[in-house]
Amino acid sequence: LSLPLQAKMSRPVQARRLEGIDKNIWVEFVKLAATYSKVNLGQGFPDFPAPDFLQEALKRALGGGSHMLHQYTRAFGHPPLVKALAQLFEKLLGRELDPMTNVMVTVGAYQALFCCFQAFVDEGDEVIIIEPFFDCYESMVKMAGGTPVFVPLRPKAPKDGKLMSSADWQLDPTELASKFSERTKAIVLNSPNNPLGKVFSRGELELVAELCVKHDVLCISDEVYEWLVYDGKEHTRIASLPGMWDRTVIIGSAGKTFSATGWKVGWTVGPDRLLQHICTVHQNSIYHCATIAQEAMAQCFQRELTLYGKPESYFVQLPRTLQQKRDLLIQSLVSVGMKPVVPEGTYFLVADISEFKSDVPEVPNLDEPYDYRFTKWMMKNKGLAAIPLSAFYSEAHKNNYTNFIRFCFAKEDATLKAANDILQKWKKEKTGS
Ligand code: PMP
């Protein structure tokens, strides 16, 4: 063979669909937080233990269960889990569901989203994304060959010096309607919304539903924070509105539901007409999710079905606990002069940092938005990690939203207290008192 020893490849290796999506906020900020922060309120995960019943369910599945739980199970979801999910969603949606055709289990909500975009979006299709948005929607639409079309929630300043609420961030109905066209294939709805914590009202969902029906558009409804809703607010499922079941895929996550993000168990719920295409993507990519995790998760959902609506239900207890944590963090932030936007749901809140501009040095020749600079400076100088809000916006709109950062409050009270200590010390240094 007369080939040179160093026969390096010279042609481009990267597929065109990866162009422009190589940067990832989580990869960058998770690393920074690990290097610099003492208190990490950045990435969204609870640092308190997952509930005992979940740990016990896993032990049971491992111990007393069948040895077959170590082998493959049904590709589209372990039967006990799809049955439990179908039972639960029958209750929530008030319609009969077939566990075998209306539910599919995925590797977290991430894979559910990926399957949806791959299943429904063709080259040239447009997908409407409401800003601020969970960042992967944009790259997933692009990877499928689609074009994301962005529409921002517009904040309205509250009167009489009150704190802003996530409800003050609203869609402009005319602007939203203007984004729909014959090219629109789908809209992504995320209620409760990461990063704002906004819980879309029934009226807002009716507006979205009306436009979906009028333009014959699909709705990919990311409801991973469905149980994390505060102050007596109610989470309305868009699939339950007239005309919407047939065109909606609901996405959920056991990671958020049971404070166990590392389990990566997620699901899609929807009509057979849509789910069958999601199954096609799944069977040709992941094919199968871990059996043992699905078995344990099935037991957790069975428990919740038995306790449904009762005070012992985790669906009741978790939001109660988180609401207190939300209020603790709000107090700490207010006391140092940040202006938190009170979230109606999720375990995130964003806070206005415009009062801190003089604290953060400008970096010459670095074209970095203020919220990025602020977050990095805060991590390195104060040891507190958060995420810049503009990371949740498209390139074209980023520069309008650089005065906020996102905190996660699904943390032990001790972690929130440590954050408070940092903030109080900072305040003393600022005011000298
Ligand atoms: N959707 C939203 C809105 C999220 O915030 C997250 C996780 N941060 C996901 C989907 C992904 O969920 P999972 O961890 O179950 O893949």
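The rules behind these values
Residues numbered from 1 in each chain as written. Predicted model: local features only at pLDDT ≥ 70, side-chain atom pairs only at ≥ 80, totals over all residues. Heavy atoms only, no water. UniProt positions renumbered as here; feature names shortened; annotations may be inferred. Buried < 20%, exposed > 50% of the residue type's maximum accessible area, 1.4 Å probe, protein only. Helix = DSSP H or I, 4+ residues; strand = E, 2+ residues; numbered from the N terminus. Pairing = 2+ DSSP bridges. Right-handed = clockwise from strand over helix to strand, strands pointing away. Axes fitted to C-alpha atoms, helices over the stretch in contact; angles between N-to-C directions. Parallel < 35°, antiparallel > 145°, perpendicular 65-115°, else oblique. Contact = heavy atoms within 4.5 Å. Nonpolar A, V, L, I, M, F, W, Y, C, P; charged D, E, K, R; others polar. Domains from an automatic or database assignment. Buried area = accessible area lost by both parts, 1.4 Å probe. Salt bridge = Lys/Arg side-chain N within 4 Å of Asp/Glu carboxyl O. Polar contact = N/O pair within 3.5 Å; in protein donor to acceptor, adjacent residues only side chain to side chain. Phe/Tyr/Trp six-rings, centres within 6.5 Å; stacked < 30°, edge-to-face > 60°. Core = buried A, V, L, I, M, F, W, Y, C linked by side-chain atoms within 4.5 Å. 1 Å grid on protein atoms, 1.4 Å probe; cavity = no way out; pocket = protein on both sides within 12 Å on 5 of 7 lines; lining within 4 Å. Points joined across faces, edges and corners; volume = space filled by probe spheres on them.

Looking at an unreviewed UniProt entry, one finds the chain named KAT1 transaminase, with Onychorhynchus coronatus as its source organism. Check the Pathway (unreviewed entry) section of the UniProt entry for the chain; it says "Amino-acid degradation; L-kynurenine degradation; kynurenate from L-kynurenine: step 1/2." According to the UniProt record, the Subunit (unreviewed entry) comment for the chain is "Homodimer."

This part covers the pairing of strand 4 (residues 147–152). Counting buried residues in strand 4 gives five out of six residues, a clear majority hidden from the surface. Where strand 3 (residues 126–131) meets strand 4, six bridges bridge the pair, whose relative direction is parallel. When the bridges of strand 4 are listed, isoleucine 129 appears paired with phenylalanine 150. Once you follow strand 3 into helix 5 (residues 136–143) and on to strand 4, the crossover reads as right-handed.

Take the packing of helix 4 (residues 108–120) against helix 9 (residues 272–283) next. Remark: helix 4 packs on helix 9, axes separated minimally by 8 Å, with the N-to-C direction vectors making an angle of 105°. One way to sum up the angle between helix 4 and helix 9 is to call them roughly perpendicular. From helix 4, Gln111, Cys115, Cys116, Gln118, Ala119 and Phe120 reach across to helix 9, where they touch Leu274, His277, Ile278, Val281 and His282. Taken together, the residues that form the contact of helix 4 with helix 9 break down as seven nonpolar, four polar and no charged.

Taken domain by domain, the chain holds domain 1 (23–50 + 314–427) and domain 2 (52–307). Just the C-alpha atoms count here: the centres of domain 1 and domain 2 sit 25 Å apart. Between domain 1 and domain 2, the contact holds 39 residues from the first and 47 residues from the second. Summed over both partners, the interface of domain 1 with domain 2 buries about 3600 Å², with 61% contributed by carbon and sulfur atoms. The three residues of domain 1 that bury the most area against domain 2 are Ala50, Phe315 and Glu344, which together make up 25% of that side's buried surface. At the boundary of domain 1 with domain 2, the tally comes to two salt bridges. Linking lysine 233 and glutamate 344 is a salt bridge whose minimum nitrogen-to-oxygen distance equals 3.4 Å. The interface formed by domain 1 and domain 2 holds 22 residue pairs in polar contact (both at pLDDT 80 or more) in total. Looking at the side of domain 1 that touches domain 2, the elements with two or more residues in it are helix 1 (25–36), helix 11 (314–336), strand 11 (339–341), strand 12 (348–352) and strand 15 (404–408). When grouped by side-chain class, the residues that make up the side of domain 1 that touches domain 2 number 29 nonpolar, seven polar and three charged.

Another aspect to go through is the packing of aromatic side chains. For the coordinates displayed, the defined rule picks out 26 aromatic pairs. Between tyrosine 347 and phenylalanine 348 the ring centres are 5.2 Å apart and the planes differ by 75°, which places this aromatic pair in the edge-to-face class. There is no split in this pair, since tyrosine 347 and phenylalanine 348 are both buried. Plain terms: the ring middles of phenylalanine 374 and tryptophan 426 are 6.1 Å apart, the flat faces sit at 25° to each other, and that makes the pair stacked. Residue phenylalanine 374 is found in helix 12 (residues 370–382), and its partner tryptophan 426 is found in helix 13 (residues 413–431); the two are separated by 52 residues along the sequence.

With that settled, consider the sheet that holds strand 15. Here four strands make up an open sheet; going across it, the order is 11-12-15-14 and the pairing antiparallel. Where the open sheet ends on each side, the last strands, each with one partner, are strand 11 and strand 14 (387–388). In this structure, strand 11 lies alongside strand 12, joined through three bridges in antiparallel fashion. The residue of strand 12 that forms the bridge with lysine 339 is aspartate 352. Against the sheet, helix 11 touches strand 11, strand 12 and strand 15, its axis set at about 15° to strand 12. Against the sheet, helix 12 makes contact with strand 14 and strand 15, and its axis sits at roughly 45° relative to strand 15, the strand it touches most.

For the rest of this paragraph, the subject is the pairing of strand 10 (residues 265–269). The buried count for strand 10 comes to five of five residues, which makes it a mostly enclosed element. Side chains Val265, Trp267 and Val269 project from strand 10 onto one buried face, and the interleaved Gly266 and Thr268 project onto a second face that is buried too. Sheet topology places strand 2 (residues 103–107) next to strand 10; five bridges connect them, and they run antiparallel. Directly across from threonine 106, in strand 10, lies its bridge partner glycine 266.

We now examine the nonpolar core. Ranked by internal contacts, the top residues of the largest apolar core, which has 145 residues, are Phe117, Met338 and Phe407. In terms of residue count, helix 3 (residues 79–93) provides more of this core than any other element does, nine residues in total. Per-domain counts for this core show at least three residues from each of domain 1 (23–50 + 314–427) and domain 2 (52–307).

A full pass over the atoms with the stated rule returns 20 salt bridges. Among the salt bridges present, the one from lysine 376 reaches glutamate 368, with a minimum N-O distance of 2.5 Å. For the pair shown, lysine 376 and glutamate 368 are each scored as buried. Here aspartate 421 makes a salt bridge to lysine 417, at a shortest N to O gap of 3.2 Å. With aspartate 421 and lysine 417 both in helix 13, this residue pair falls four residues apart, about one helical turn. Taken together, the shared-partner salt bridges in this structure form one network comprising Glu28, Glu368 and Lys376.

By volume, the largest pocket amounts to about 840 Å³. Surrounding the largest pocket, 28 residues form its lining, Lys23, Tyr372, Ala391, Glu395 and Lys398 being those nearest its centre. Among the elements of the structure, helix 1, helix 5 and helix 12 are those that each provide at least two residues to the lining of the largest pocket. No other element matches helix 5, which puts six residues into the lining of the largest pocket. Looking at the lining of the largest pocket, its residues break down into eleven nonpolar, six polar and eleven charged. Counting residues domain by domain, the lining of the largest pocket receives three or more from each of domain 1 (23–50 + 314–427) and domain 2 (52–307).

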